[in-house]
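# Breakdown of the fold
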Amino acid sequence: MNQDSRGLFSSPDSIPAVFVTSLILYAAFQYILAPQFLQSFTPRGPDDALRLLSVRDLLAGQGWFDNVQYRILPPEGLDLHWSRLIDGILAVGTLIARPFVGDILAERLIAALWPALLFTAFLGLTALAAYRARGASAAAFAMLAAALLPAIAVTHFALGRVDHHNAQIVCMIGIVASLLADTQHRRAGLAGGVFAALSLSIGLEMLPFIGICVMLLVTRFLRGTYGARERMLGFGLSFGAISALLFPIEVPYADWRALECDRFALPALTLALGTLVFVFLASALARNATGLFRRFVFAVIAACIVGALLYPVLSPCLAGPFANLSEDVRSGIVANMLENTAARDLILNDPRSAISHYLPFLLVLPFLMFGPKDDGEDLVLVFVILGLIGAVFQLRAMIWGVVVLPLAYGLVAERILNRPWRKFLRLFKPFLFLGFTAVFIYPPLVYIWNDLLPPSTRAPQDHRCKAPESLRAVGEVPRGLALTPLGLSVHLIYHTRHSVTSAPYHTHPDAHANGMKYHSGTPEEMIAGIETLGAEFVVVCSGSRYGDPDSAGSRLAQGEVFGGLTEFTLPDSNLRVYFKVAEPPVLESDRMDSPETNAATPPETAPPVTNEPAVKTPLTPVTNEPEAEQVPVPAPSSEDVTNQPGDG
């Protein structure tokens, strides 16, 4: 640890005050973003909505290992690949809160507290890592950056963010802090392995990050760094052992030998156990070897032995997560989901968004690459570069670098303010610091006052139709199966008791394709899709565009009907609903806050779940005759069901 005792925040006594200040800034930031969070709550994204549905269904009796959301493509439902660990924590919190605040507020309260608690843990671990790397001043600046940086406070730790990415970010910064510890090497390695095992059991997105950490540990061992062997062995031991302990908690016995590559399954467990075997084998082979080259040769031999043993289990996963998707669905994922966009496409189609995402990394990169460095800066530099490299292929991979972004800012800010400058340059120090900080925290400052950058060519998201009041209005429609676009499907089942035909998850290619091809296709294709899927009605966002202006979804969004569809007028909603009958059914209240709804169910959301699919009403074939017979739609009964959880 290298620090200047005379600089700003240089005393360790300042850390608690800055920690509390950062939490206050975070809370103020969240209040500005969502002042009516508890009064008017809607999930921030589909992952968050499915997580809360998953918790509801778990509390209503759906099995721990039954990870299916039955209201997506019923009756089979959508098998989701999320961890049950977070579901369990949220469910326990909800049960504790219910007696004090009631069912509705309990769910919202837990949705607010969970990301806030995770942010508190992230803040503490970031401060620990920065303090170990450069002292109290770096820790203070890193905490302030974490509270104000939108990539952290808004994207991943905002109130209502209950998906799994924020939990994984906490695990990753925990590993970084363990790598930066300069004492208690075995204990630090054990702690890092525990964080890695927890991350692996939650989701597989951080596997490259964990792999880089293992490579860094092995490199230190090969170089003969003091304590590196104990740290490497501790990491491998706890990573493999904790993963093995979590495996039967997450995976049902019947699936223990399933070679599934997008969730915590046998291949992921094999990687963790393989890491354990590798580090002990490499240590045993190279322990008495002298010289870097000999140690390296023994490490390669150990890697080849372990790799040969693991290959039969891991080989099915080498094609990647999108291997089972058609080219049309693959391209649709990139076109409709920003997080899957490659750097080249984002820069060409949405340069302003590209600046907002990439500029903080590019600002800290030269400071970390050039000038005096220590092991702490080298470590942070590795992960900043990893995030940028990942973002070249998919924007979502930038999370590997986002983990250390506040830490990187802390190291750079400490260098700017507290390191000695040449006399004639000292006058520029405050201006450099303020300018660097302003653009790092808010990158749009570089283009906000000019029109030099072209606007985005990506289709803008229409948030009007995701408003709770718009979605709950669809609950007035008798319960049924809705043909929905991707952007509305999960939000609709969260706020109503309807089922849907689509969901934005690559684990089910049909569900993903259903949300694009019918609304973006021709009217004939949409009518055929209604028949094929057995949908009772179609939902669109009024005034929106789905693909071409003449597509079926775009025409319905403008109020133009075709193929025997009839509009069901919704008061106070930006959504349009079309039934495939001569006349829409008579309005029957199906809203969650109706008196008929079970009082134990959150009124603005779905009721308790069972494993039964929703009862469906057969459709009348499409006909061009005006006197087509209206299909009776049964009123919802007390036995109506809801369903279960999701992915990421």
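For the structure, see preceding data.
The rules behind each value
Residues numbered from 1 in each chain as written. Predicted model: local features only at pLDDT ≥ 70, side-chain atom pairs only at ≥ 80, totals over all residues. Heavy atoms only, no water. Pairing = 2+ DSSP bridges. Helix = DSSP H or I, 4+ residues; strand = E, 2+ residues; numbered from the N terminus. Contact = heavy atoms within 4.5 Å. Axes fitted to C-alpha atoms, helices over the stretch in contact; angles between N-to-C directions. Parallel < 35°, antiparallel > 145°, perpendicular 65-115°, else oblique. Left-handed = near helix turned anticlockwise from the far one by under 90°. Nonpolar A, V, L, I, M, F, W, Y, C, P; charged D, E, K, R; others polar. Core = buried A, V, L, I, M, F, W, Y, C linked by side-chain atoms within 4.5 Å. Buried < 20%, exposed > 50% of the residue type's maximum accessible area, 1.4 Å probe, protein only. 1 Å grid on protein atoms, 1.4 Å probe; cavity = no way out; pocket = protein on both sides within 12 Å on 5 of 7 lines; lining within 4 Å. Points joined across faces, edges and corners; volume = space filled by probe spheres on them. Disulfide = S-S within 2.5 Å.

For the rest of this paragraph, the subject is the sheet that holds strand β6 (residues 566-568). Strand order across the open sheet formed by five strands is β4-β3-β5-β7-β6, with mixed pairing between neighbours. Both edges of this open sheet fall to β4 (499-500) and β6, since each of them pairs with a single strand only. With five bridges connecting them, strand β5 (residues 537-541) and strand β7 (residues 575-579) associate as antiparallel partners. Its bridge partner being in β7, Val-539 is matched across the sheet by Val-577. Helix α23 (residues 523-533) contacts β3 (481-483) and β5 of the sheet and is inclined by roughly 155° relative to β3.

Next up on the list: the packing of helix α9 (residues 207-223) against helix α10 (residues 228-250). Axis separation between α9 and α10 bottoms out at 8 Å; the angle between their running directions is 150°. In terms of orientation, α9 lies roughly antiparallel with respect to α10. Helix-helix and strand crossings are classified by hand; for α9 and α10 the assignment is left-handed. Contacts between α9 and α10 involve Ile-210, Val-214, Leu-217, Val-218, Arg-220 and Phe-221 from the first element and Ala-228, Arg-229, Arg-231, Met-232, Phe-235 and Phe-239 from the second. Classifying every residue of the contact of α9 with α10 by side-chain character gives nine nonpolar, no polar and three charged.

Let us look at the nonpolar core. Counting 171 residues, the largest nonpolar core has Val-176 and Phe-209 as its most contacted members. Sorting elements by how many residues they give to this core places helix α4 (residues 103-134) first, with 14 residues. Beyond its immediate stretch of four places on either side in the chain, Val-176 contacts Ala-129, Phe-209, Leu-379, Phe-383, Val-404 and Leu-407.

Scanning the model with the defined rule gives three cavities of 30 Å³ or more in all. Considering only enclosed or pocket space, the largest cavity measures out at about 80 Å³ in volume. As for the largest cavity, its lining consists of eleven residues, of which Val-55, Arg-56, Leu-59, Thr-94 and Glu-107 are closest to the centre. For the lining of the largest cavity, the secondary structure elements donating two or more residues are α2 (46-59), α3 (84-101) and α4. Ranked by residue count, the leading element in the lining of the largest cavity is α2, at four residues.

Enumeration according to the criterion identifies two disulfides in this entry. Shown here is the disulfide that connects Cys-261 with Cys-317, its sulfur atoms set 2.0 Å apart. Negative torsions about the S-S bond denote left-handed disulfides, and the value of about -75° found for Cys-261 with Cys-317 makes this one left-handed. Residue Cys-261 is located in the loop between α10 and α11 (266-286), and its partner Cys-317 is located in the loop between α12 (292-314) and α13 (327-336); the two are separated by 56 residues in the primary sequence. Using a relative accessible area of 34% as the deciding quantity, one classes Cys-261 as partly exposed. Of the residues examined, Cys-317 reaches a relative accessible area of 22% and is grouped as partly exposed. In the protein, the cysteines engaged in disulfides, taken in order along the sequence, are linked 1-2, 3-4.

Along β7, five of the five residues are buried, which leaves the element largely enclosed by surrounding structure. Every second residue of β7 is oriented toward a common face, with Leu-575, Val-577 and Phe-579 on one face and Arg-576 and Tyr-578 on the other, all of them buried. With antiparallel pairing between neighbouring strands as the criterion, β6 and β7 make up a hairpin whose turn holds six residues, including Asp-572 at a positive phi of roughly 60°.

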